[in-house]
Each structure stands twice: as C-alpha cells, then as structure tokens.
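Below are the chains, spelled out letter by letter.
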Amino acid sequence: MQRMVSGIKPTGELTLGNYIGAIKNFVDFQEKYELFVFIADLHALTTIQDKSKLRKRIKDIAAFYIACGLDPEKATIFIQSEIPAHSQMSYLLECTSYVGELNRMTQYKDKSKDDSASIQTSMFTYPVLMAADILLYDPDFVPVGDDQKQHVELARNIAERFNSRNGEFFKVPEPVIPKAGARIMDLQNPTKKMSKSGDTDKGYILLTDNLNLIKNKIKSAVTDSDTLVKFDKEKKPGISNLLTIYSVLSNLTIAEIENKYTNQGYGNFKKDLAEIVATQIGKIQEKYNQIINSNKLNQILDAGLEKASKIAHKKIMKANSKLGLGRKK
Ligand code: TYM
C-alpha cells in the first residue's frame, strides 16, 4: 500500500478551507492509502501562542479529524511534538538546505515584508521542519492545499540533495493537490485565501461557528454586480469561489450547478449553498461534541503515537548514522 502523510497546524480554529482543501480529501484517501495524519503543533510556535488555547486547539483538531470521518482503524493520527524525531530530523535537514532557498518561500516573504527583525527564527526555518515531518515517514504522496505546494517541493529538493550526498535514503514524495477546492477564498475578499487570520470574521467560516452564523456568512459573501451564476475566476472571483464550495460539498459539477440556477439570480443560489454548508458542518459538530470529552480521543492519539513513533525513531537513528554521527554504523 502506498503511503501518505499530512498535517494541520493549530494556530487558529479550523476553517472551511482546511476542511475542503485537506481533511475532506484525507477521508477519501484513507480507503486507498496508508495514511498518517498529524497535528502540527510545533509549527504553531512560529508565533507566540496562548498556552491554554494552543492545548485546546491541538485536541480540537484531533477531534475534528475523527468528526470529519477519519477512521483510526485506517488512518494513524498523532501529535507531532510527542515524537521528538520530528525536531531532530529538522536539524539534520537544516544541514541539508540553504538560506537562499528558504528566503524564496512565499509565506516567509509575505510575513517578513514589514519587519524581519521581529520575526522569530522558526518562521524562517519551519519549511524545513515540514520537510522533516514528511521525509521521516517515507511517504509516496503528500496531500495538501495549494498554499503548501511550495513547501512540499522544498521537501523533495532536500530529499534529493540528501540522497545525492549520502546515498539513497529518503523517498522523494509527490504533492497531491485537489483538482477542486485547493484554494478556497475569503468570502469578503475573494482574491485572498480563506484563512483563520483573515481581516474580518465574515470572510471565513470556522468548523466551530454557530450554524446560523455560517448561513449569514454565506448569504453576505461578496459577489459581483451582475447576477449570473457563472464560473469565471478572473472576472467573477466571488461567485466562482461559492460555486467551487457548492460543487465540492454537493458532488455536482460546476456546469450542473450553473444550469440549476440559470435565470435565478444569486438569492436562491446563496440560500441553498448556505443550507448545504450548515448541514454538513452541523453533522461534523455533532460528532465533534460526542468525541471531544471522551476517553476515546486519548486512546486514538496514544495508538497513533505508538505506531508513528516507531517508524520515526528508526528513521532518525538511521539518518544519524548515515551522516557519521554517534558510534553505530
Ligand atoms: P495549515 O495548517 O495552514 O493548513 C492545513 C491544510 O489546509 C490547507 N488549506 C486550505 N486549502 C484550501 N483552501 C484554503 N483556504 C486553505 N487553507 C488551508 C493547507 O493547504 C493544508 O493542506 N505547514 C502546514 C502544516 C504542515 C504539513 C506538514 C502539511 C506541517 N507539516 C507536513 C503536510 C505535510 C500548514 O501550515 O498548513
């Protein structure tokens, strides 16, 4: 069975973008692949966090993984920081990467534009930690949304460089970017990615949002001045984003949805989409409420930790030895 690895960082509540671009696909992939999914909590420390909120979000992501349909019998679910090999491998890969290539990472460039002196070092190096997260498990594929593609490319480059310096050691994985929904846009500013750090809370939908609030956010999403329900990413980014969300959540094609709302204007389209989104998130919230305070969640994370840490520990020990560290050849 081919292997997949992916993770989500607990820097804020999960958004509809995280669900559509990542978690929903993990649920499909667990049927066909050996899937490792983790909570990338070390990545949250690139900015200063409120400790109790961070701890809650870590558990929340684990609960949402299950609530969205990940099955712990099929997928291995674990918390990154509980496996020290991630940080250890990150250091070895820092010794295999260049400042120049990290400087080119778009997310770092965006964040450091204003004042790089007040940015933590980890904001610069975190793509290497992400490479470590991936390469430790020798996956064939890494399913991510569009914004993480560059980081997976970096992981590939680092793996190839390590292999050419030290002999075949890491599998070089392929990114898997969903055909639809790889970049869900902000509902108020549809030229910007939907993110938990958006300018206004009307721009993003959280998996924890109250269902009425979700409906209102969809209904007040920015559209365009004409009233055609037609996909045109350049000229009609708002409605195109809503069409994408509709299509992914309903399994209808964009063309089928366009046909359904011919000559109807935006009103009915938005009303129906609001129902679809609220109903699906409502179901997820029900399951989340059942699992969040149960003992089961800890058992799942313990089992995931046990399985993932064995693989990770073996790999880091072999990597140390490959580089001439320690005493064992
Ligand atoms: P993060 O936590 O920002 O996002 C988690 C996943 O959600 C996807 N995503 C989106 N997809 C579509 N539309 C959006 N608006 C949207 N917003 C987020 C992201 O592309 C991602 O797949 N560094 C990573 C976490 C990470 C990781 C890894 C991922 C750490 N180690 C190893 C894969 C493999 C991050 O910050 O993702």
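Refer to the preceding data block for the structure.
Please read these numbers as outputs of a predicted model, since none were measured by experiment.

Points about helix 9 (residues 211–219)
Right, so step 1: Every buried residue of helix 9 is listed here: Ile214, Lys217 and Ile218. One side of helix 9 holds all its buried residues, which, seen down the axis, span an arc of 100°.
Right, so step 2: For helix 9, the elements touching its buried residues are helix 12 (265–291).
Right, so step 3: In this structure asparagine 210 caps helix 9, since a side-chain oxygen of it lies 2.8 Å from the backbone nitrogen of asparagine 212.

What to know about the site of the ligand
Right, so step 1: Inspection of the region around the ligand gives 26 residues, with Lys9, Asp133, Gly145, Asp147 and Ile184 positioned closest.
Right, so step 2: Interatomic distance of 2.8 Å between a backbone N/O atom of isoleucine 184 and a nitrogen atom of the ligand.
Right, so step 3: Surface burial for the ligand is 98%, taken as the share of its 710 Å² of free accessible area covered by protein chains.
Right, so step 4: More than half of the atoms belonging to the ligand lie within 2 Å of the grid points that define the largest pocket.
Right, so step 5: Those elements that provide at least two residues to the shell around the ligand are strand 1 (3–8), helix 1 (16–29) and helix 7 (121–135).

So, unusual backbone geometry
Right, so step 1: A positive phi angle, near 65°, is found at asparagine 251, a position not held by glycine.
Right, so step 2: Mapped onto the fold, asparagine 251 is located in the loop between helix 10 (237–250) and helix 11 (254–260).
Right, so step 3: With a phi close to 60°, asparagine 263 is a non-glycine residue in the positive phi region.
Right, so step 4: Mapping asparagine 263 onto the fold places it in the loop between helix 11 and helix 12.

So, the nonpolar core
Right, so step 1: Among the nonpolar cores identified, the biggest contains 66 residues, and Leu16, Tyr19, Tyr65, Leu70, Ile245, Phe269 and Val277 are the most heavily contacted of them.
Right, so step 2: For this core, the element with the highest residue contribution is helix 12, accounting for 11 residues.
Right, so step 3: Not counting residues up to four positions away in its chain, the partners in contact with tyrosine 65 are Gly7, Ile8, Ile23, Phe26, Val37, Phe38, Ile39, Leu70 and Ile77.

Description of empty space enclosed by the protein
Right, so step 1: With the rule as written, the count across this model stands at 1 cavity of 30 Å³ or more.
Right, so step 2: The residue makeup of the lining of the largest cavity, split by class, is 3 nonpolar, 1 polar and 3 charged.

A closer look at the pattern of salt bridges
Right, so step 1: With the rule as written, the count across this model stands at 17 salt bridges.
Right, so step 2: Salt-bridge contacts for aspartate 209 lead to lysine 217; the nearest nitrogen and oxygen are separated by 2.7 Å. Here aspartate 209 matches lysine 217 in class, with each residue buried.
Right, so step 3: Overlapping salt bridges bring together Arg3, Glu34 and Lys307 as one network.

Observations concerning the side chain of aspartate 140
Right, so step 1: Looking at where aspartate 140 falls in the secondary structure, it is placed in the loop between helix 7 and strand 4 (141–143).
Right, so step 2: Engagement of the side chain of aspartate 140 in a polar contact is seen with the side chain of lysine 171, the distance being 3.2 Å.
Right, so step 3: Setting aside chain neighbours within four positions, we find aspartate 140 in contact with Gln2, Arg3, Lys171, Pro173 and Glu174.

Here we look at the packing of helix 3 (residues 51–67) against helix 13 (residues 295–322)
Right, so step 1: Orientation of helix 3 relative to helix 13, taken along the N-to-C sense of each, is 90°, at an axis distance of 11 Å. For the element pair helix 3 / helix 13, the angle class is roughly perpendicular. Where helix 3 approaches helix 13, its residues Lys59, Ala62, Ala63 and Ile66 are matched on the opposing element by Leu297, Ile300 and Leu301.
Right, so step 2: Split by residue class, the contact of helix 3 with helix 13 holds 6 nonpolar, no polar and 1 charged.

Cut-offs used in this document
Residues numbered from 1 in each chain as written. Predicted model: local features only at pLDDT ≥ 70, side-chain atom pairs only at ≥ 80, totals over all residues. Heavy atoms only, no water. Buried < 20%, exposed > 50% of the residue type's maximum accessible area, 1.4 Å probe, protein only. Helix = DSSP H or I, 4+ residues; strand = E, 2+ residues; numbered from the N terminus. Arc of directions from axis to C-beta. Contact = heavy atoms within 4.5 Å. Polar contact = N/O pair within 3.5 Å; in protein donor to acceptor, adjacent residues only side chain to side chain. Near = heavy atom within 4 Å. Areas by Shrake-Rupley, 256 points an atom, 1.4 Å probe, with all protein chains shown as cover. 1 Å grid on protein atoms, 1.4 Å probe; cavity = no way out; pocket = protein on both sides within 12 Å on 5 of 7 lines; lining within 4 Å. Sits in = over half its atoms within 2 Å of the grid points. Core = buried A, V, L, I, M, F, W, Y, C linked by side-chain atoms within 4.5 Å. Points joined across faces, edges and corners; volume = space filled by probe spheres on them. Nonpolar A, V, L, I, M, F, W, Y, C, P; charged D, E, K, R; others polar. Salt bridge = Lys/Arg side-chain N within 4 Å of Asp/Glu carboxyl O. Axes fitted to C-alpha atoms, helices over the stretch in contact; angles between N-to-C directions. Parallel < 35°, antiparallel > 145°, perpendicular 65-115°, else oblique.

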